[in-house]
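Each chain is listed here by its residues.
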Amino acid sequence: MVTTDFHSAIEGATSMLGHLGRVRATSLVADCGDFFEGSGNYRFGGGTIERSLLAGLYDALAPGNQGWPHHFAPDLHPMTVCAHAVDDASRQPLFCRVRIFRIGGRRVAVTAAIGPDAFGDVPAPQRRGHRVTDPVRVVLLVHHHEADVWVLLSHSRFENDLALAAEFPFLDVIFAGHCHSDHYTPELVGDTLVVKGGKLEAGYALAELVGAGGAGPHLHLPHRPHDPADAPRARRPTGCRPAGEAQRSAGADRRVLPPHRARPLPAPGRRRRPAPLRSRR
């Protein structure tokens, strides 16, 4: 369950945020960036409320160009992932590159990318000493064999995410951000699903693992919008809702595995997918 470009729209988000709190015990909740700035709430509070919401409701965060410094705060830095943001001098990662979650008995890798244009929109004083490498290929190929399912939180614009999906075919789903267009229709690029949730308080995008046992993970797109009766009022019915296995497992299965360090691949190549993505419109 992934939000994007929230821009401190707190006043109109009571229903959506309340729903995130109710489902967090059985769901992986993430954000694609720009949760901060853009409203009077941020001007008056300086991001204090937004940080408490992220720390209390979310599991993984992608840094955006707005609110970049907040991702270095002690409460948010451990939650923030980014595959290619590094210290300009040491070339050490600024954030954890990949987080591995155990979902439905599978290892699900969550990483993030911020587009060069979006990174360039970070005010110069805030990004001094930071840089993003381009492309992200090295990090993703090094890690791609460490998980059963790959999720990319992107703050790069939807059209750029379509290109990322073509370049990295082992990705299972890309959640798009940094895109304020009205394009909400999920797109399939090969076997990779690219989907964007509603901006501000409008809602979120959804993805669920299916295919228990040896069937392998796969996703499908809904043939119709979500039924408003089972959705919070603020939710925009534009996400992907794959069928099958209901939700993230609760209890002992709801945990984060230790972050993995990059290690060389002898012969990088696309892993064989046990089952394709299938689309129903």
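Check the entry above for the structure.
Residues numbered from 1 in each chain as written. Predicted model: local features only at pLDDT ≥ 70, side-chain atom pairs only at ≥ 80, totals over all residues. Heavy atoms only, no water.

## Brief notes about the side chain of Thr 192
- Relative to the elements of secondary structure, Thr 192 occurs in strand β11 (residues 192-195).
- Look at Thr 192 and you get buried, because its relative accessible area is 0%.
- Within polar-contact distance, the side chain of Thr 192 engages the backbone oxygen of Leu 171 at 2.7 Å. (Helix = DSSP H or I, 4+ residues; strand = E, 2+ residues; numbered from the N terminus. Buried < 20%, exposed > 50% of the residue type's maximum accessible area, 1.4 Å probe, protein only. Polar contact = N/O pair within 3.5 Å; in protein donor to acceptor, adjacent residues only side chain to side chain.)

## A few points about the sheet that holds strand β3 (residues 60-61)
- Here we have three strands laid out as an open sheet, ordered β1-β2-β3, and parallel in their pairing. A single partner strand is all that each edge strand has here, and the edge strands are β1 (2-3) and β3.
- Sheet topology places β1 next to strand β2 (residues 30-31); two bridges connect them, and they run parallel. The residue of β2 that forms the bridge with Val 2 is Ala 30. (Pairing = 2+ DSSP bridges.)

## Observations concerning the pairing of β11
- Here β11 shows two buried faces, one formed by Thr 192 and Val 194 and the other by Leu 193 and Val 195.
- Bridge analysis of strand β9 (residues 173-175) against β11 gives three bridges, and the strand direction is parallel. Looking at β11, one finds that Val 173 is bridged to Leu 193.
- Counting the residues in the hairpin turn of strand β10 (residues 187-189) and β11 gives two residues, including Gly 190, whose phi is positive at 65 degrees.

## A look at the environment of Cys 179
- Its place among the elements puts Cys 179 in the loop between β9 and β10.
- Taking the C-alpha atoms as reference points, Cys 179 and Asn 160, 19 residues apart in sequence, are found 9.8 Å from one another.
- Among all residues touching Cys 179, those that are not within four sequence positions of it are Asp 5, Arg 157, Phe 158 and Lys 196. (Contact = heavy atoms within 4.5 Å.)

## Quick notes on unusual backbone geometry
- Not every positive phi belongs to a glycine, and Asp 34 is a case in point at roughly 60 degrees.
- Its identity is not glycine, yet Arg 157 carries a phi of approximately 85 degrees, on the positive side.
- As for its position among the elements, Arg 157 is in the loop between β8 (149-155) and α7 (158-167).

## Considering the side chain of Thr 111
- Note on placement: Thr 111 falls in strand β6 (residues 106-114).
- According to the relative accessible area criterion, Thr 111 is buried, its value standing at 0%.
- For Thr 111, the side chain forms a polar contact with the main-chain oxygen of Arg 97, separated by 2.6 Å.

## Thoughts on the pairing of β6
- When you tally the buried positions in β6, you get eight out of nine residues, the bulk of the element.
- When strand β5 (residues 99-103) meets β6, the two strands line up antiparallel, connected through five bridges. Opposite Arg 99, over in β6, you have Val 110 as the bridge partner.
- Two successive antiparallel strands, β5 and β6, enclose a turn made up of two residues, where Gly 104 displays a positive phi of approximately 55 degrees.
- The pairing of β6 with β8 spans seven bridges and is parallel.

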